[in-house]
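Commentary on secondary and tertiary structure
The chain contents come next:
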Amino acid sequence: MCPWLPGVFCVLCAGRADCGAGCPPPGLGGRFVEGQDCDLLNGFPPSRRTESPPYSLEKMTDLVAVWDVALSDGVHKIEFEHGTTSGKRVVYVDGKEEIRKEWMFKLVGKETFCVGAAKTKATINIDAVSGFAYEYTLEINGKSLKKYMENRSKTTNTWVLHVDGEDFRVVLAAAWRPVPWCCGAPGLVPQLWNPATPRSLLFTEKDTMDVWCNGKKMETAGEFVDDGTETHFGLGKHACYIKAVSSGKRKEGIVHTLIVDNREIPEASE
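Below is a short write-up of the structure. Within every chain, residues take consecutive numbers counted from 1 along the sequence as written. pLDDT decides what is reported in this predicted model: residues at 70 or higher carry local features, side-chain atom pairs at 80 or more are listed and counted, and totals for whole chains, interfaces and linings draw on all residues regardless. Excluding hydrogens and water, the side-chain values take into account all heavy atoms of the structure.

Moving on to the overall build of the chain. Under the DSSP-based scheme used, a helix requires at least four consecutive residues in state H or I and a strand at least two consecutive residues in state E, with every element numbered from the N terminus. A tally of regular secondary structure across the chain gives one helix and 18 strands. Contacts spanning at least 24 positions in sequence make up 30% of the contacts within the chain whose residues lie at least 6 apart. Total accessible area computed for the chain in this model is approximately 17,200 Å², and 54% of it derives from carbon and sulfur atoms. Every residue pair with non-hydrogen atoms within 4.5 Å of one another is taken to be in contact. Note on areas: Shrake-Rupley, 1.4 Å probe, and residue coverage restricted to the protein chains presented here.

If the charged atoms of two oppositely charged side chains come close together, the side chains can form a pair. Each salt bridge in this description consists of a side-chain nitrogen of Lys or Arg and a carboxyl oxygen of Asp or Glu lying within 4 Å of one another. Within this structure, the stated rule accounts for eight salt bridges. A salt bridge links Lys-243 to Asp-227, with the nearest nitrogen and oxygen atoms 3.1 Å apart. Here Lys-243 is found in strand 16 (residues 238-246), whereas its partner Asp-227 is found in the loop between strand 14 (221-225) and strand 15 (228-235), with 16 residues between them in sequence. Categorising residues by exposure relies on relative accessible area from a 1.4 Å probe, with only protein chains included: less than 20% of the type maximum marks a residue as buried, more than 50% marks it as exposed, and the intermediate range marks it as partly exposed. Overall, the relative accessible area of 23% leaves Lys-243 in the partly exposed class. Via salt bridges that share partners, Asp-62, Glu-81 and Lys-88 belong to a single interconnected network.

All right, on to the nonpolar core then. Formed by 21 residues in total, the largest nonpolar core has its most connected members in Trp-67, Val-69, Ile-78, Phe-113, Ile-124 and Leu-138. At the level of secondary structure, the elements contributing two or more residues to this core comprise strand 1 (63-71), strand 2 (74-82), strand 3 (89-93), strand 5 (109-115), strand 6 (120-130), strand 7 (133-140) and helix 1 (145-155). Ignoring sequence-local partners within four residues, the contact set of Val-69 consists of Gly-74, Val-75, His-76, Ile-78, Leu-138, Ile-140 and Leu-145. Counting residues in hydrophobic clusters, the runner-up holds 16 residues, among them Trp-159, Phe-168, Phe-233 and Leu-258. Here the nonpolar core consists of buried residues drawn from Ala, Val, Leu, Ile, Met, Phe, Trp, Tyr and Cys, with membership extended through side-chain atoms lying within 4.5 Å.

Moving on, we come to the sheet that holds strand 7. Here, any two strands with at least 2 DSSP bridges between them count as paired. Strand order in the open sheet made by the four strands is 5-6-7-8, with antiparallel pairing throughout. Edge positions in the sheet fall to strand 5 and strand 8 (143-144), since each of these pairs with one other strand and no more.

Right, let's talk about the pairing of strand 14 for a bit. Bridge count for strand 14 against strand 15 is five bridges, and the pairing is antiparallel. Note on strand 15: the bridge partner recorded for Ala-221 is His-232. Turn length for the strand 14-strand 15 hairpin, with the two strands adjacent in sequence and antiparallel, is two residues.

Let us now look at the pairing of strand 15. Pairing of strand 15 with strand 16 involves eight bridges; the strand directions are antiparallel. Bridged to His-232 within strand 16 is Tyr-241. Linkage of strand 15 to strand 16, two consecutive antiparallel strands, is achieved through a turn of two residues, within which Gly-236 is found at a positive phi near 65 degrees.

A few words now on unusual backbone geometry. Residue Asn-141 is not a glycine yet carries a positive backbone phi of 50 degrees. Residue position: Asn-141 is located in the loop between strand 7 and strand 8.

This next bit is on the environment of Asp-227. Looking at Asp-227, the relative accessible area reads 44%, which means it is partly exposed. Taking the C-alpha atoms as reference, Asp-227 lies 9.3 Å from Lys-243; in sequence the two are 16 residues apart. Setting aside chain neighbours within four positions, we find Asp-227 in contact with Lys-243, Ala-244 and Val-245. Separated by 3.1 Å, the side chains of Asp-227 and Lys-243 make a polar contact. Polar contacts here mean pairs of N or O atoms no more than 3.5 Å apart (in protein, one a potential hydrogen donor and the other a potential acceptor; neighbouring residues in sequence count only if both atoms are side-chain atoms).

To continue, consider the environment of Thr-137. Summarising the element assignment, Thr-137 is placed in strand 7. Spatially, the C-alpha atom of Thr-137 lies 8.7 Å from that of Ala-65, the residues being 72 residues apart in sequence. If sequence neighbours within four positions are ignored, Thr-137 has contacts with Trp-67, Thr-123, Ile-124, Asn-125 and Asp-127.

Here you go:
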């Protein structure tokens, strides 16, 4: 029995026989072993620190949100830890720690970082819902993840194929290039932020497309044909090209088709 709480089974000394007056007060977490000094900081006496305790607690985690974001160079996993008692904020991108902040007194706010080879801007918003409940939302290039993915599906094409025992993810996406913030150019769609050069914007070129495969930008060669254009590239020993032809319908615009070894590959949905 614990001398500090008469009649209560002593958990501090793990149920050993009468721990005596050396048992530390509740909350200190130390352990007393008769004839040895109690080490309150480590919880074990010097001669027994390597011994596993008879009970264990699973490591607590502050992981509160996980998102999968499909970009041109692949699908990226974003994880966010938020300690509502310690104020800790940690952001992981593909398992790599990007941001770590300890003891943030303000529990709401936002964290901004970059994702992928193109350094796409991402922001996690932390908002209080009610009481001690919080809501976490992800924005990509200033848009909600849902809105961003909807817009992306209109401007990109993705194919997934298996060749020579290997999986390939081919993405056709609008090309990006930086333009000074004070300038503009016909045919370019402005974005709000360029992480490489803060005083310039990133623009998408409507008529110029990049081809990505498994996260790498491919070397391509364009060719005009009778009914449209072909963008040629290679996957190992296999000849590939993306053919672009007009749908004849204004709402549908250009139709892109991936051809590998003269075989059409069905488009994948993301």
